[in-house]
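Results of the structural survey
For reference, the chains in residue letters:
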Amino acid sequence: MAQPPAPLEGLLAFPLTPFSDTLSLDLDAFAQNVERHVEAGAGALFVACGTGEFSSLSPAEHAAVLARAREVVRGRVPVWVGAGGGAATARAAVAAAADGGADGVLLLPPYLVSGPPEGLVHFVRYAVADTSTPVIVYHRSTGIFTESAAVSLLGVPSVVGLKDGFGDVELMHRVITAVRSVGTRRAERFCFFNGLPTAEVSAHAYSAIGVTRYSSAVHCFAPEIAHRFHRALAEGDSAVTQALLRGFYLPFVALRDEAPGFAVSLVKAAARLRGDGTGPVRPPLVDPTEEQIERLRHLVENGYRVLKGL
């Protein structure tokens, strides 16, 4: 039975996938970004996932991103990779992840269509096949799991956790309670993650129901702010978390909500402001306007001023 090969603790980071001005994959810039995440203290890296524009990558690009990440990381932190799409595409991506030596897989929801709860469980079973590579299932979009469906995932040996990108805290609480109530060691060790965009904004709510692990897109461009918030949350220092929410996170979210896809586009723009080579986003995502980038610059600067004053 698969279990995470290393504890998924600390701040989980999702490196951006850089593209050139002609939208070709830039692996050298990607390698630099991966190294910055590791040096900044990321607890694990999830490459070619939502923030890494998984949906825009070819199978060859997906494999190349994983290979370069493992080459750069050299075992210092776990490297997980995204998989998803249609059932056959997801299955092929999971197999490629195992062949590529990934420490784990984040399984994104089915492409375009959904089905009843039992259909979602069948999708997971089909996608992971007989892999021994640990898999975290992404609960969002076309892949929303009921309590009973989530419990059924315990019967898929390679599935080690569920990541919530749907945002229904009550449902997530019911899911966690149902899984834990099974009473087995596997049910007790099953992992839950907060995977909402700019997860820090919802981190208090999720922490209250026992979901303390989350991924931080802010780690892509302001890791110092991300780590300070993460530490304050773990220590119960609400004065620090509230100061960072007021002074940085909530203004960032307000700008993020101005256009669909800005959960990725704005993060790439902020990383470029920091000097990282990320390039533009691939369509259908769009880059922020110059006016939005200028506002982004000011709010990030203000975030660092708040951080300095803590």
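Everything below is about the structure printed above this text.
Residues numbered from 1 in each chain as written. Predicted model: local features only at pLDDT ≥ 70, side-chain atom pairs only at ≥ 80, totals over all residues. Heavy atoms only, no water.

1. Observations concerning the side chain of N33
In plain terms, the rule: Helix numbers and strand numbers start at the N terminus; a helix is a DSSP run of H or I with at least 4 residues, a strand a run of E with at least 2. Only protein chains enter the calculation, and the probe is 1.4 Å; a residue is then buried if its accessible area is under 20% of its type maximum, exposed if over 50%, and partly exposed in between. The contact rule is simple, with two residues in contact once any of their heavy atoms fall within 4.5 Å.
As for its placement among the helices and strands, N33 is situated in helix α1 (residues 27–39). Using a relative accessible area of 5% as the deciding quantity, one classes N33 as buried. Excluding residues that lie within four positions of it along the chain, N33 makes contacts with L16, P18, D276, G277 and T278.

2. Regarding helix α10 (residues 238–256)
Filter applied, for reference: The angle between axes fitted to the seven-residue stretch ending at a residue and the seven-residue stretch beginning at it gives the bend at that residue.
The largest bend in α10 amounts to roughly 50° and is located at L245. Restricting attention to buried positions, one finds in α10 the residues V240, T241, A243, L244, L245, G247, F248, Y249, F252, V253, L255 and R256. In the core, the buried residues of α10 are packed alongside α8 (203–208), α9 (223–235), α11 (262–274) and α12 (290–308).

3. Quick notes on the nonpolar core
Definition in use: Working definition of a nonpolar core: buried Ala, Val, Leu, Ile, Met, Phe, Trp, Tyr and Cys residues. They are joined through side-chain atoms within 4.5 Å.
Counting 55 residues, the largest nonpolar core has L107, V124, F145 and F192 as the members making the most contacts within it. Per-element tally for this core: the top contributor is helix α4 (residues 117–128), with six residues. Once residues lying within four places of it in the same chain are set aside, the contact partners of F145 are L120, V121, V124, V137, H139, A150, L153, L162, L171 and V175. Formed by 36 residues, the second largest nonpolar core is a distinct cluster that contains C220, F229, L244 and L307.

4. A short note on the sheet that holds strand β2 (residues 44–47)
Paired through their backbone hydrogen bonds, the strands of a sheet run either parallel or antiparallel. The condition is simple: Strands were regarded as paired on the criterion that DSSP finds at least two bridges between them. A fitted line through C-alpha atoms represents every axis, and for helices the fit uses only the stretch in contact; the resulting angles, taken between N-to-C directions, go from 0 to 180 degrees.
As summarised here, the arrangement of the eight strands in space is β1-β2-β3-β4-β5-β6-β7-β8, forming an open sheet in which the pairing is parallel. Two strands in the sheet have a free side with no partner beyond their single neighbour: β1 (12–13) and β8 (213–214). With three bridges connecting them, strand β4 (residues 104–110) and strand β5 (residues 135–139) associate as parallel partners. Of the residues in β5, the one forming a bridge with V105 is V135. This element, helix α2 (residues 59–73), spans β2 and β3 (79–85) of the sheet and lies at about 170° to β3.

5. A closer look at the side chain of T131
For clarity, the cut-off: Any pair of N or O atoms that falls within 3.5 Å is considered a polar contact. Within protein, one atom must be able to donate a hydrogen and the other to accept it, and sequence-neighbouring residues count only if both atoms are side-chain atoms.
Residue placement: T131 occurs in the loop between α4 and β5. Among the polar contacts made by the side chain of T131, one reaches the main-chain amide nitrogen of T133 at a distance of 3.1 Å. The contact partners of T131, leaving out residues within four places of it in the chain, are V94, A98 and S158.

6. Regarding the pairing of strand β7 (residues 191–194)
Using the following cut-off: Note on handedness: a crossover is taken as right-handed if, strands pointing away from the viewer, the path from the first strand over the helix to the second is clockwise.
Alternating residues of β7 divide into C191 and F193 and F192 and N194, and every residue in both groups is buried. The sheet contact formed by strand β6 (residues 159–164) and β7 spans four bridges and is parallel. Looking at the pairing, L162 lines up with F192 of β7. As judged from the two bridges shared by β7 and β8, these two strands associate in the parallel manner. By the bridge assignment for β8, F193 is matched with R213. With α8 bridging β7 and its parallel neighbour β8, the resulting β-α-β unit is right-handed.

7. Focus on the packing of α10 against α12
Formally: Reported orientations rely on four angle classes, namely roughly parallel under 35 degrees, roughly antiparallel over 145, roughly perpendicular from 65 to 115, and oblique for the rest. Helix crossings are classified by the rotation of the near helix relative to the far one: an anticlockwise turn of less than a right angle makes the crossing left-handed, while a clockwise turn makes it right-handed. Here the term charged refers only to Asp, Glu, Lys and Arg, the term nonpolar to Ala, Val, Leu, Ile, Met, Phe, Trp, Tyr, Cys and Pro, and the term polar to all other amino acids, Gly among them.
Axis separation between α10 and α12 bottoms out at 8 Å; the angle between their running directions is 165°. Considering the angle they form, α10 stands roughly antiparallel to α12. Between α10 and α12 lies a crossing whose hand is left-handed. Residue-level contacts link A243, L244, G247, F248, P251, F252 and L255 of α10 to Q292, R295, L296, L299, V300, N302, G303, V306 and L307 of α12. Grouping the amino acids of the contact of α10 with α12 by side-chain chemistry returns 11 nonpolar, four polar and one charged.

8. Examining the pattern of salt bridges
Here is the rule: Each salt bridge in this description consists of a side-chain nitrogen of Lys or Arg and a carboxyl oxygen of Asp or Glu lying within 4 Å of one another.
Applying the stated criterion across every chain, the model contains 15 salt bridges. A cluster of three or more residues bridged by salt bridges with shared partners is formed by E147, E170 and R174.

9. Notes on the packing of aromatic side chains
Selection rule: The criterion for an aromatic pair is that two Phe, Tyr or Trp rings (for Trp, the six-membered ring) have centres within 6.5 Å, with stacked assigned to planes under 30 degrees apart, edge-to-face to planes over 60 apart and tilted to the rest. Here, a charge over a ring means that NZ of Lys or CZ of Arg falls within 6 Å of the ring centre while also lying within 35 degrees of the ring normal.
Applying the stated criterion across every chain, the model contains eight aromatic pairs. Pairing F190 with F192 gives two aromatic rings, centres 5.5 Å apart and planes at 65°, and the pair type is edge-to-face. The two residues F190 and F192 agree in class, both being buried. Taking 5.9 Å as the distance between ring centres and 25° as the angle between the ring planes, the aromatic pair formed by F248 and F252 counts as stacked. Taken as a pair, F248 and F252 lie in helix α10 at a separation of four residues, close to a single helical turn. The two residues F248 and F252 agree in class, both being buried. Each residue in the set F221, F229, F248, Y249 and F252 is aromatic and connected to the rest through ring pairs, giving one cluster. Positioned over the ring face of Y138 is R140, at 5.0 Å from the centre of the ring. The ring of Y138 is capped by K163, whose NZ or CZ atom sits 4.9 Å from the centre of that ring.

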